Amino acid sequence: LILRSQNPKQKNLIKTDLARVVNGYEAEKDNAYYIGFRFKESPRSILLHDVRIEHEGKVAQIDHIIINRFGIEILESKSFTGTLTIKGDGALNVKYGNKTQTFPNPIEQNKRHAEILGDFIKANITLPSNLKLLGVPIVSTVLINPQTTITHNTLPEGFARADSFTTHWDERIENMSPLAMFKSISKMMTLDKAKEIADFLVQSHTPKIYDYAKRYPIHEEENRQMMPTIEAIVNEPIMEEIAS
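Residues numbered from 1 in each chain as written. Predicted model: local features only at pLDDT ≥ 70, side-chain atom pairs only at ≥ 80, totals over all residues. Heavy atoms only, no water.

Undergrad: What exactly am I supposed to notice about the packing of aromatic side chains here?
TA: What describes a pair of aromatic rings is the distance from one ring centre to the other and the angle between the planes of the rings. Summed over all chains, the structure comprises five aromatic pairs. With 5.6 Å between their ring centres and 70 degrees between their planes, Y33 and Y34 make a pair best called edge-to-face. A relative accessible area of 29% places Y34 in the partly exposed class. On the basis of an interplanar angle of 65 degrees and a centroid distance of 5.7 Å, the ring pair of Y33 and F37 is categorised as edge-to-face. Here Y33 pairs with F37, and both are found in helix α1 (residues 8-39), just four residues apart, close to one helical turn. By the ring-pair criterion, three or more aromatic residues cluster together here, those being Y33, Y34 and F37. One Lys or Arg, R38, reaches over the ring of F39 and ends 4.8 Å from the middle of that ring. (Phe/Tyr/Trp six-rings, centres within 6.5 Å; stacked < 30°, edge-to-face > 60°. Buried < 20%, exposed > 50% of the residue type's maximum accessible area, 1.4 Å probe, protein only. Helix = DSSP H or I, 4+ residues; strand = E, 2+ residues; numbered from the N terminus. Lys NZ or Arg CZ within 6 Å of the ring centre and 35° of its normal.)

Undergrad: Teacher, can you tell me more about the sheet that holds strand β3 (residues 71-78) here?
TA: Two orientations exist for strands paired in a sheet by backbone hydrogen bonds: parallel and antiparallel. Read across the sheet, five strands follow the order β1-β2-β3-β7-β9 without closing on themselves; strand pairing throughout is mixed. Each edge of the open sheet carries a strand with a single partner, namely β1 (45-55) and β9 (159-161). Recorded for the sheet is a direction-independent mean angle of 35 degrees between the axes of neighbouring strands. Examined bridge by bridge, β3 and strand β7 (residues 138-144) share seven bridges and lie parallel to one another. Pairing of E73 across the sheet is with V139, part of β7. (Pairing = 2+ DSSP bridges. Axes fitted to C-alpha atoms, helices over the stretch in contact; angles between N-to-C directions.)

Pasting the structure below:
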């Protein structure tokens, strides 16, 4: 589409979308590498990536899911080229030079996805008696790509750097109080049930199809000029910074 478009404004919009897709993919791939180092070969945990679930008109798009006998953890990947500050209300301020852009609280987004996922599992999976009332425990964390510059010495609760997440995950289990451990044990499920849930989520994954050709219609009669190479276009600066 970039090659075919001869409209400078449209070409810039297409390039912005391309950069957003590429940056988002690279951020998720990097974060998947870090958490995969700990969970990919684990005999007691199941790791899924990029799962999209539709339930009762609602959608949960989840970057990473860890499932084990204790429940589910959903992880949202974030990566920014600017300097990140997490505000007191959980919103994200990202500074690009003299410009600051604000993004909504990703923890609240994660909570909505957790609610949809929990309802979806309860509606489709036969749960053991200890989980029938409240469902499978689901917690969430926002993963910040290690290459993102952050102004905080210590990240607020609910946020973690992707390269240190697994260390904190193990510490959280090791430092669990006897009461918290007792509550967790009372909500445990079998590994077979965890695998059943994971298999069902994979089978239920409904990817969203993006029709960029429809979004950016190209009028071929405008394309009589000699088109530049894709490398030249991609390396041109775009009008806005990209965050994923």
